Amino acid sequence: MRYYPIQLDIRGRNCLVVGGGGVGTRKATSLLSCSARVTVVSPEASKELRSLAARGALTLIQRAYDPADLQGMFLVIGATDDEELNRRIRADAERLNLLCNIADRPEKCNFILPAVVQRGDLVITVSTSGQSPALSKKLRQDLQAQFGNEYALLLDLLGAIRKRLLAEAHAPEEHKPIFERLVHSDLLTWIRESRRHDIDRLLAEVLGDGWRAEDLLAKDP
């Protein structure tokens, strides 16, 4: 296996995107969705990037790339159609031991980006190791059809149950049979069909009285 699959926490990390066109815009917004601190360097920038910069969501520097732009960065993405510039970005990043991705050029990257399906905190990724983006897209579309928003609600519920159990000082090893029973029940179907009575009945059977989905999923004011 060539690539080591990980989920990378980039919250608050400095990330650089070189390129302000459509690809650069998509890369920048994806990084922002993960709460990264994003800087975009490009002589030209899309309307969306300019708007994000005006709101303070990211830093936009409208000029040509300079190697000094990499200082203090955790990760860099090259999103230009200039092969020579992409080569320079990669070489500069390698010298600084930075994570570097060149869009649509897996041979120039030390990490590649998978196709992603997200349902709340459930994140499903698909990679063909750079061999076939078309197949990655097809598999992502298949997974999008298979995994609906009910999975996000299921995960929220399971996470809330786990949090409450831990707060009540339950030993973690005691949790496994509880969650095995929940995930192998009809809970997902009942969430999809909004069958609240059946959900609460199951929670009472597995966890005891006083466990209700509405209470578990209530957001703090």
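You'll find the structure just up there.
In what follows, the accompanying structure is described.

Scoring rules and cut-offs
Residues numbered from 1 in each chain as written. Predicted model: local features only at pLDDT ≥ 70, side-chain atom pairs only at ≥ 80, totals over all residues. Heavy atoms only, no water. Axes fitted to C-alpha atoms, helices over the stretch in contact; angles between N-to-C directions. Helix = DSSP H or I, 4+ residues; strand = E, 2+ residues; numbered from the N terminus. Parallel < 35°, antiparallel > 145°, perpendicular 65-115°, else oblique. Left-handed = near helix turned anticlockwise from the far one by under 90°. Contact = heavy atoms within 4.5 Å. Nonpolar A, V, L, I, M, F, W, Y, C, P; charged D, E, K, R; others polar. Patch = residues over 30% accessible without salt bridge, like charges linked within 9 Å, V, L, I, M, F, W, Y side chains within 5 Å. Areas by Shrake-Rupley, 256 points an atom, 1.4 Å probe, with all protein chains shown as cover. Salt bridge = Lys/Arg side-chain N within 4 Å of Asp/Glu carboxyl O. Buried < 20%, exposed > 50% of the residue type's maximum accessible area, 1.4 Å probe, protein only. Phe/Tyr/Trp six-rings, centres within 6.5 Å; stacked < 30°, edge-to-face > 60°. Lys NZ or Arg CZ within 6 Å of the ring centre and 35° of its normal. Right-handed = clockwise from strand over helix to strand, strands pointing away. Pairing = 2+ DSSP bridges.

Contact geometry for helix α5 (residues 150–167) and helix α6 (residues 175–183): axes closest at 12 Å, N-to-C directions at 160°. As judged from the angle between their axes, α5 and α6 are roughly antiparallel. Our pair here, α5 against α6, has a crossing hand that is right-handed. Packed against α5, whose contacting residues are L158, I161, R162, L165 and L166, the element α6 presents H175, I178, F179, L182 and V183 at the interface. Class assignment of the residues belonging to the contact of α5 with α6 gives a composition of eight nonpolar, one polar and one charged.

Bringing a nonpolar patch on the surface into the picture now. Judged by side-chain polarity, Y4, I6 and L8 come together as a nonpolar surface patch covering roughly 370 Å² of accessible area. For I6, the location among the structural elements is in the segment before β1 (14–18). Taking relative accessible area as the criterion, I6 reaches 52% and is therefore assigned exposed.

Another point: the packing of aromatic side chains. Enumeration according to the criterion identifies one aromatic pair in this entry. Across from the ring centre of F74, 4.3 Å away, lies the NZ or CZ of R13, which sits over that ring. Stacked on the ring of W211, the Lys or Arg R164 has its end atom at 3.7 Å from the ring centre.

Right, let's talk about the pairing of β1 for a bit. Burial within β1 is extensive, with four of its five residues counted as buried. A crossover links β1 with its parallel partner strand β2 (residues 37–41), the connecting element being helix α1 (residues 22–33), and its sense is right-handed. Taken together, the four bridges between β1 and strand β4 (residues 75–78) define a ladder with parallel strand orientation. Each bridged residue has a counterpart across the sheet, and for L16 the counterpart in β4 is V76.

Another point: the pattern of salt bridges. Summed over the entire model, instances satisfying the criterion amount to 17 salt bridges. With a shortest N-O distance of 2.7 Å, E84 and R87 are connected by a salt bridge. Residue E84 and its partner R87 are located together in helix α3 (residues 83–95), separated by three residues, close to a single helical turn. The class for E84 is partly exposed, based on a relative accessible area of 42%. The shortest N-O distance in the salt bridge between R164 and E168 comes to 3.2 Å. By relative accessible area, which is 28% here, R164 ends up partly exposed. Through salt bridges with shared partners, one network takes in R181, E193, R195, D198, R201 and E205.

Limitation: the analysis is restricted to geometry and does not speak to function.
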